[in-house]
Amino acid sequence: MRVENIDEVGHEIHAFMRHLFPICRSITGDGIRETLARVGKHLSLDVREIPTGTRVLDWTVPPEWNIRDAYIKDRAGERVVDLGRSNLHLMGYSVPVRETMSLSELKQHVFTLPEHPDWIPYRTSYYEPSWGFCLAERQLGSLPDGQYEVCIDSTLEDGFLTYGECYLEGDREDEILISTHACHPSLANDNLSGVAVATFLAKHLAGASRRYSYRFLFIPGTIGSITWLALNEEATTRIAGGLVLAGLGDPGRSTYKRSRRGEAEIDRAAANVLRHAGDHAIEAFEPYGYDERQYCSPGFDLPVGCLMRTPHGRYPEYHTSADDMSFVKPPFLADSFAKCLAIVNVMEGNRTYRNLNPMGEPQLGRRGLYGATGGSGVGDRMAMLWVLNLSDGDHSLLDIAERASLPFDLVRGAADALEAGGLLEER
Ligand code: ZN
């Protein structure tokens, strides 16, 4: 599975994010529905609607939230704050409000970021009925005392939790899970980058031959993974590895957070890819972060890690209006996409072989195997020697790549050449 023009893919992913960016999303409602409809133009997506009140593990599907309009008007009747200007202005899941109040009363419901006076923070209150507005500190400071008319034209009613699922059948029933949260409003890196990279990954894999089956989930954070797990407990037993994708377009280095198991095949695949691709970080599991928290809860303990660039909360733009389309760049998106694909390729290509000529080294030159992998570098030769030496039926190609400190691709290429030369047999 190779992508011919990776730069072009970075631009396509960025363009798709721009298309999704203006939508006012939340964990339920028409914003996430519209987002899934647009994802569904690229792949075959099953959209599931789970009714409000459904018990899911220890949680309950909340009321569906929709928003028609929200504003703050000054005495002259001018909208000084308007949802139409930025959907971050409204705290997500705000209850309906229609009131006139003084500035000091209003301020009890206003959030700002004093350390970044021009940025609007992102706030939600999903599980506690409340309302609020988010403003740039500078704008709040410019509001004169007086009476303000506050309107939040929202609905919180029995409805549905909506998520999208794309299943790609492979040769085996075992699955690779790719999960991404699609519940944030106009925020680019967190997490339209994850949504768009997952979309293009699914699109690419749909056209490739697959040993594994693949399941892509486009879900609201936390409640979405809990809902999916509650309804699909049986399917979880087939998950051979998985990735939560989030924050894939910022300029930081790639970060992989290991699954709770720590040394699952997917953890080792991701570590091999990142190690040989340059500057990166590999972090141990902790029960905080994105939906890997749910997949790695002890009752499931699935081999699911998280691929990001800069982890959440460690860049100032995180959860603010500065996480916009200028913060994410096509080359970083392309790089993240290529790494996802490379990790998938390790999972697809990791097999165990037996050396058919284990008594002494076989004569490679006589079989035309010097330079047979396309390269004539020392790495290629070393990869062949390592594969021959460790292919005793016990070591997988990933074991060999780790032991030899070589990129998996190189080891896979050497095994292909040796198999074609009649020196290896799959166990
Ligand atoms: Zn977030």
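In case you missed it, the structure is sitting above this.
Residues numbered from 1 in each chain as written. Predicted model: local features only at pLDDT ≥ 70, side-chain atom pairs only at ≥ 80, totals over all residues. Heavy atoms only, no water.

1. Quick notes on the sheet that holds strand β6 (residues 97-102)
And then number 1: With antiparallel pairing, 4 strands are arranged side by side in an open sheet as β5-β4-β9-β6. Strand pairing shows two members of the sheet lacking a second neighbour, β5 (79-82) and β6, which therefore form its edges. Going across the sheet, the axis of each strand differs from the next one's by a mean of 20°, ignoring polarity.
And then number 2: Examined bridge by bridge, strand β4 (residues 64-73) and strand β9 (residues 147-157) share 9 bridges and lie antiparallel to one another. Note that in β9 the partner of Lys73 across the bridge is Glu149. (Pairing = 2+ DSSP bridges. Helix = DSSP H or I, 4+ residues; strand = E, 2+ residues; numbered from the N terminus. Axes fitted to C-alpha atoms, helices over the stretch in contact; angles between N-to-C directions.)

2. Quick word on the sheet that holds strand β17 (residues 352-355)
And then number 1: The 3 strands are arranged β18-β17-β19 in an open sheet whose pairing can be described as antiparallel. Every other strand in the sheet has two partners, leaving β18 (392-396) and β19 (424-426) as the edge strands with one partner each. In this sheet, neighbouring strand axes are inclined to one another by 35° on average, regardless of whether the strands run parallel or antiparallel.
And then number 2: Pairing geometry for β17 and β19, over 3 bridges, is antiparallel. Opposite Tyr353, over in β19, you have Glu426 as the bridge partner.
And then number 3: Contacts from helix α12 (residues 397-404) reach β17 and β18 within the one sheet, and its direction differs from that of β18 by about 70°.
And then number 4: Contacts from helix α13 (residues 408-420) reach β17 and β19 within the one sheet, and its direction differs from that of β19 by about 105°. (Contact = heavy atoms within 4.5 Å.)

3. Here's the deal with the coordination of the zinc ion
And then number 1: Those donors, His184 (NE2), Asp190 (OD) and His319 (NE2), are the protein atoms that reach the zinc ion, and they lie 2.0 to 2.1 Å from it.
And then number 2: His184 sits in the buried class, given a relative accessible area of 11%.
And then number 3: For His319, a relative accessible area of 22% puts it in the partly exposed group. (Donors = N, O, S within 2.8 Å, 3.2 Å for Na, K, Ca; no water. Buried < 20%, exposed > 50% of the residue type's maximum accessible area, 1.4 Å probe, protein only.)

4. Quick look at the environment of Ala76
And then number 1: Inspection of the secondary structure assignment puts Ala76 in the loop between β4 and β5.
And then number 2: By relative accessible area, Ala76 is classed as exposed at 72%.
And then number 3: Taking the C-alpha atoms as reference, Ala76 lies 55 Å from Ala284; in sequence the two are 208 residues apart.

5. Focus on the packing of helix α5 (residues 188-206) against helix α10 (residues 330-349)
And then number 1: Here α5 crosses α10 at 50°, and the two axes come no closer than 10 Å. Our classification of the angle between α5 and α10 gives oblique. The handedness of the crossing between α5 and α10 comes out as right-handed. In this structure, α5 uses Ser193, Val197, Phe200, Leu201, His204 and Leu205 to contact α10, whose residues at the interface are Leu333, Phe337, Cys340, Leu341 and Val344.
And then number 2: Within the contact of α5 with α10, the residues separate by chemical class into 9 nonpolar, 2 polar and no charged. (Parallel < 35°, antiparallel > 145°, perpendicular 65-115°, else oblique. Left-handed = near helix turned anticlockwise from the far one by under 90°. Nonpolar A, V, L, I, M, F, W, Y, C, P; charged D, E, K, R; others polar.)

6. Some words on the packing of aromatic side chains
Two aromatic rings, taken as a pair, are described by how far apart their centres are and by the angle between their planes.
And then number 1: In the structure shown here, the tally under the stated rule is 8 aromatic pairs.
And then number 2: When the ring of Tyr93 is compared with that of Tyr126, the centres are 5.4 Å apart and the planes differ by 90°; the resulting orientation is edge-to-face. One end of the pair, Tyr93, is in the loop between β5 and β6; the other, Tyr126, is in the loop between β7 (110-111) and β8 (133-134), and 33 residues separate them in sequence.
And then number 3: Taking relative accessible area as the criterion, Tyr93 reaches 2% and is therefore assigned buried.
And then number 4: Relative to Tyr127, the ring of Tyr126 has its centre 5.9 Å away and its plane inclined at 75°; by these criteria the two rings are edge-to-face. (Phe/Tyr/Trp six-rings, centres within 6.5 Å; stacked < 30°, edge-to-face > 60°.)

7. Notes on the side chain of Glu165
And then number 1: Secondary-structure assignment places Glu165 in strand β10 (residues 160-168).
And then number 2: Note on Glu165: relative accessible area 2%, which makes it buried.
And then number 3: Among the polar contacts made by the side chain of Glu165, one reaches the side chain of Trp228 at a distance of 3.1 Å.
And then number 4: Excluding anything up to four places from it in sequence, Glu165 contacts Ser44, Leu45, Asp46, Arg48, Arg215, Phe216, Leu217 and Trp228. (Polar contact = N/O pair within 3.5 Å; in protein donor to acceptor, adjacent residues only side chain to side chain.)

8. A closer look at the pattern of salt bridges
And then number 1: Taken as a whole, this structure holds 26 salt bridges when the rule is applied.
And then number 2: Note that Arg253 and Asp279 form a salt bridge whose closest N and O atoms lie 3.6 Å from each other. Here the residue Arg253 occupies a position in the loop between β13 (239-245) and β14 (254-257), and Asp279 occupies one in the loop between α8 (265-275) and β15 (280-283), the gap between them amounting to 26 residues.
And then number 3: Looking at Asp279, the relative accessible area reads 56%, which means it is exposed.
And then number 4: A salt bridge links Glu292 to Lys257, with the nearest nitrogen and oxygen atoms 2.9 Å apart. Taken together, the residues span a long stretch of sequence, with Glu292 in helix α9 (residues 292-295) and Lys257 in strand β14 at a distance of 35 residues.
And then number 5: Relative accessible area serves as the criterion here: at 2%, Glu292 is assigned to the buried category.
And then number 6: Here Lys257 falls in the buried class, since its relative accessible area comes to 5%.
And then number 7: When salt bridges that share partners are traced, they join Asp46, Arg48, Glu165, Glu175, Arg215, Glu234 and Arg238 into one network. (Salt bridge = Lys/Arg side-chain N within 4 Å of Asp/Glu carboxyl O.)

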